[in-house]
Amino acid sequence: MNDNVFPLGNEDLLEAYRTMKTIREFEERLHVDFGRGEIPGFVHLYAGEEAAATGIMMHLNDQDRIASTHRGHGHCIAKGVDINAMMAEIYGKVTGACRGKGGSMHIADLSKGMMGANGILGAGSPLACGAALAAKTLGHGGIGMSFTGDGASNQGTFLESLNLAAIWNLPMVFVVENNGYAESTSVDYATAVDSYADRAAGFGVPGVIVDGTDFFAVYEAAGEIIRRAREGGGPSLMECKMVRFFGHFEGDAQTYRGAGENEHNRANRDCLKLFRARVTEADVIDGGDLDAIDSEVLAAIEQAVEQAVAAPLPGAADLTTDVYVRY
Amino acid sequence: MARNLSMKDAINEALDQEMARDPTVIVMGEDIVGGSGSPGEDDAWGGVLGVTKGLYAKHGDRLIDTPLSESAYIGAAIGASTCGLRPVAELMFLDFMGVCFDQIFNQAAKFRYMFGGKAETPVTIRAMVGAGFRAAAQHSQMLTPIVTHIPGLKVVCPSNAYDAKGLLIQSIRDNDPVIFCEHKNLYAHESDVPEESYTVPFGEANIVREGADATIVAYGLMVHRASEAAEALAKEGIQCEIVDLRTLSPIDIDSVVESVENTGRLICVDEANPRCSIAADVTATLSQEAFGSLKAAPQLVTAPHTPVPFSPALEDLYIPSAEHIVDAVRKTMAP
């Protein structure tokens, strides 16, 4: 093995790989189980985008709050939400992260700083500004971060939040996950500028573009703007250009894609393959160590599914609880 | 010690006392300080009608002027409330909730349930409601039924200064999201208000007048119209009981049922439009729970099913009047 030339130590590299692999296998398994009709409702998968959530979230702690999207599983896992609780939630079980009342689109764990996946596109940006305002007011050193897709980044809430965060100099990071499609509509059609990062200048905040399939590019760019937010430098916008391996939701026939597009992405823009190649070709991480993680992750996902399937459903008594703290 | 205080000053005092008591209480909204970044005086406005005037001098940066971005700052208040603050966000006019309603009904209202009981959202959204200010269709509505419909929200609408102070302090301390509706035509209304801090509990109606012949249910400004009507009817020997709901969610139906069991007659007064109104809701619930006590068909007195008109001549016709209420009570007394 060579000396480590990367900005992370070997343990952190292995941890990054484990997180990305966990997201990938979680989503691949949901794809299969959804196809078998075992999962109710809407499911939006994050596979292909793992390097973004992982490279960003490795800089965050539990005091840092993120507001996620409808495509939130990857954010949850990277922010430390328990995969058993997530899987049970997606299966609609009472043991789920939200006791079966939220589902795939609403997984939250405030103790981990995960303010919730969100079924309303663009709704998370104001909420994350609130988290940043709370961090600034309480002085605990945390930051707020919102994720929006290329689609939701055309919402007024996103643009208003950029202005709000800028004038209040909030410790806030806006992450735009640009996977090229708002549901089925191309970003080239729906967005007037070439890059979302270009919009940042209009709000007087820095904007950066990174290759969201490159874990190291994401990690380094995120580190810089998160440090800036923490040190009182104010908000930034980071656009991650990435690919979505599955459809908008499970069941999407993806007829809007070009011929061979998914195959090309899987072959050439797979952030896990790219990561593996980088660390093994540099001779810093042994491929066998990554293989071992692969096995462990698969076993953990299998266990999460088995537990979710076996878990009890919520009962009639659960229907009317927890509407209010007190009523 | 109690003094005579306007509802506007009572609200100001509630905010002042809660900010002094609890450093996590912040107050934010458009022009609630007024003049931020401008060359003139600090605290130039203290809110568009001066309700928050003077608080900036005492509490400084915990009063935050916002840009005209209701979605962003109402959402930020909601987000901050899940992260250790107890924000009071002023929406100025409840009519403006159309701009930011997603944050209120899809976010704040849902968090607790949708996250399996693990989230608390202690945010208070203050907003002016009601007609009579010649402010026309987009600054005058009584939209209480819309927010009352949403599970997860609490809805408050005081009729006097005493209740306004106690209910606002309760709202700020409450761990659920509260829509606090302030009738703009009651800001100058005065009543005895204790100097010390106190709370008025949610879900407890106030019997503001006792009477054996008919029950009038009202809230906000309509409580005063009901009192005028009751005075007029008393001269004819008809004694009305007036139930001031004070909070619409939770709602104290028990007090209405108890009153109607004594009087046998129900008149629901609501400044909102009639369809799916608070009046319609109370009438339906009461009819189900105390049908046997009713001596006559319940009567609803509401605004018409129209937007609020501008011309004073029309707006005065729009708002339910004491005469409308008198007529409705008489209908229930007819043999």
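Each chain has its residues counted from 1, following the order in which its sequence is written. A letter from A marks each chain and a number from 1 marks each ligand, given out in the order of writing. In keeping with the model being predicted, local features are shown solely for residues with a pLDDT of at least 70 and side-chain atom pairs are shown and tallied solely at 80 or more, while totals for entire chains, interfaces and linings include all residues.

### A word on the overall build of chain A
Only DSSP runs of H or I with at least four residues qualify as helices, and only runs of E with at least two residues qualify as strands; both kinds are numbered from the N terminus onward. Looking only at helices and strands, one finds 12 helices and seven strands in chain A. Taking 20 Å as the expected radius of gyration for a compact globule of 327 residues, we find that chain A reaches 19 Å, a close match to that expectation. Dimensions along the principal axes, computed over C-alpha positions, put chain A at roughly 60 × 50 × 40 Å. Counting over 327 residues, chain A shows a buried share of 53%. In this description the radius of gyration comes from C-alpha coordinates, and the expected globular size is given by 2.2 Å times residues to the power 0.38. Burial is judged by counting the other C-beta atoms within 10 Å of a residue's own C-beta: 20 or more makes it buried, 12 or fewer makes it exposed, and any count in between marks it as partly exposed, with every C-beta position built from the backbone.

### Some details on the nonpolar core
In terms of nonpolar packing, the biggest core is built from 202 residues, with Ile216(B) and Val269(B) touching the most fellow members. Examining the composition of this core, we find that nine residues originate from one element, helix H9 (residues 215-230) of chain A, more than from any other. How far each domain reaches was decided by an automatic or database domain assignment. Each of two domains, domain 1 (2-194) and domain 2 (206-333) of chain B, supplies a minimum of three residues to this core. Once residues within four sequence positions are removed from consideration, Val269(B) is found in contact with Ile216(B), Val217(B), Ala218(B), Met222(B), Arg225(B), Ala226(B), Ala279(B), Val301(B), Pro320(B) and Ile325(B). Put simply, a nonpolar core is buried Ala, Val, Leu, Ile, Met, Phe, Trp, Tyr and Cys residues tied into one set by C-beta atoms within 7 Å. The contact rule is simple: place each C-beta atom from the backbone, and if two of them lie within 7 Å, those residues are in contact.

### Concerning the confidence of the model for chain B
Here chain B shows a mean pLDDT of 97. Residues at 70 or above account for 100%. This complex was scored by the predictor with a pTM of 0.97 and an ipTM of 0.96. What pLDDT expresses is the predictor's confidence in each residue, scored from 0 to 100.

### Considerations on the interface of chain A and chain B
The interface is formed by 36 residues belonging to chain A together with 34 residues belonging to chain B. Elements represented by at least two residues in the side of chain A that touches chain B include exactly helix H5 (124-138) and helix H6 (156-167) of chain A. Here the element with the most residues in the side of chain A that touches chain B is H5(A); it accounts for 10 residues. Taken together, the residues of the side of chain A that touches chain B break down into 21 nonpolar, 10 polar and five charged. Residue polarity is assigned by list, with Asp, Glu, Lys and Arg as charged and Ala, Val, Leu, Ile, Met, Phe, Trp, Tyr, Cys and Pro as nonpolar; anything else, Gly included, falls into the polar class.

### Concerning the pairing of strand E7 (residues 178-183) of chain B
Residues and elements named next belong to chain B. Among the six residues in E7, six count as buried, and that is most of the element. Every second residue of E7 is oriented toward a common face, with Val-178, Phe-180 and Glu-182 on one face and Ile-179, Cys-181 and His-183 on the other, all of them buried. A pair of strands is labelled paired if DSSP reports no fewer than 2 bridges between them. Bridge analysis of strand E5 (residues 124-129) against E7 gives six bridges, and the strand direction is parallel. In the sheet register, Val-129 faces E7, and the bridge partner there is His-183.

### Focus: the domain arrangement of chain B
When the parts of a complex come together, some accessible area is lost, and that lost area is often used as the size of the interface. Residues and elements named next belong to chain B. Partitioning chain B into domains gives domain 1 (2-194) and domain 2 (206-333). Using only C-alpha atoms to locate each centre, domain 1 and domain 2 end up separated by 27 Å. On the domain 2 side, the residues contacting the 25 residues of domain 1 number 23 residues. Elements that contribute at least two residues to the side of domain 1 that touches domain 2 include exactly helix H6 (144-148), strand E6 (154-156), helix H7 (161-173) and E7.

### Structural notes on the packing of helix H1 (residues 10-35) of chain A against helix H2 (residues 50-57) of chain A
Residues and elements named next belong to chain A. Axis lines are fitted through C-alpha atoms, for helices just across the contact stretch, and the angle between N-to-C directions can take any value from 0 to 180 degrees. In the contact formed by H1 and H2, the axes pass within 9 Å of each other and the chain directions differ by 140°. In terms of orientation, H1 lies oblique with respect to H2. The way H1 lies across H2 gives a crossing that is right-handed. From H1, Ala-16, Thr-19, Met-20, Ile-23 and Arg-24 reach across to H2, where they touch Glu-50, Ala-51, Ala-53 and Thr-54. A per-class count over the contact of H1 with H2 returns five nonpolar, two polar and two charged. Geometric relationships in this document are graded by angle, where less than 35 degrees denotes roughly parallel, more than 145 denotes roughly antiparallel, 65 to 115 denotes roughly perpendicular, and other angles denote oblique. It is the rotation of the near helix from the far one that decides the hand of a crossing: anticlockwise by less than a right angle makes it left-handed, clockwise makes it right-handed.

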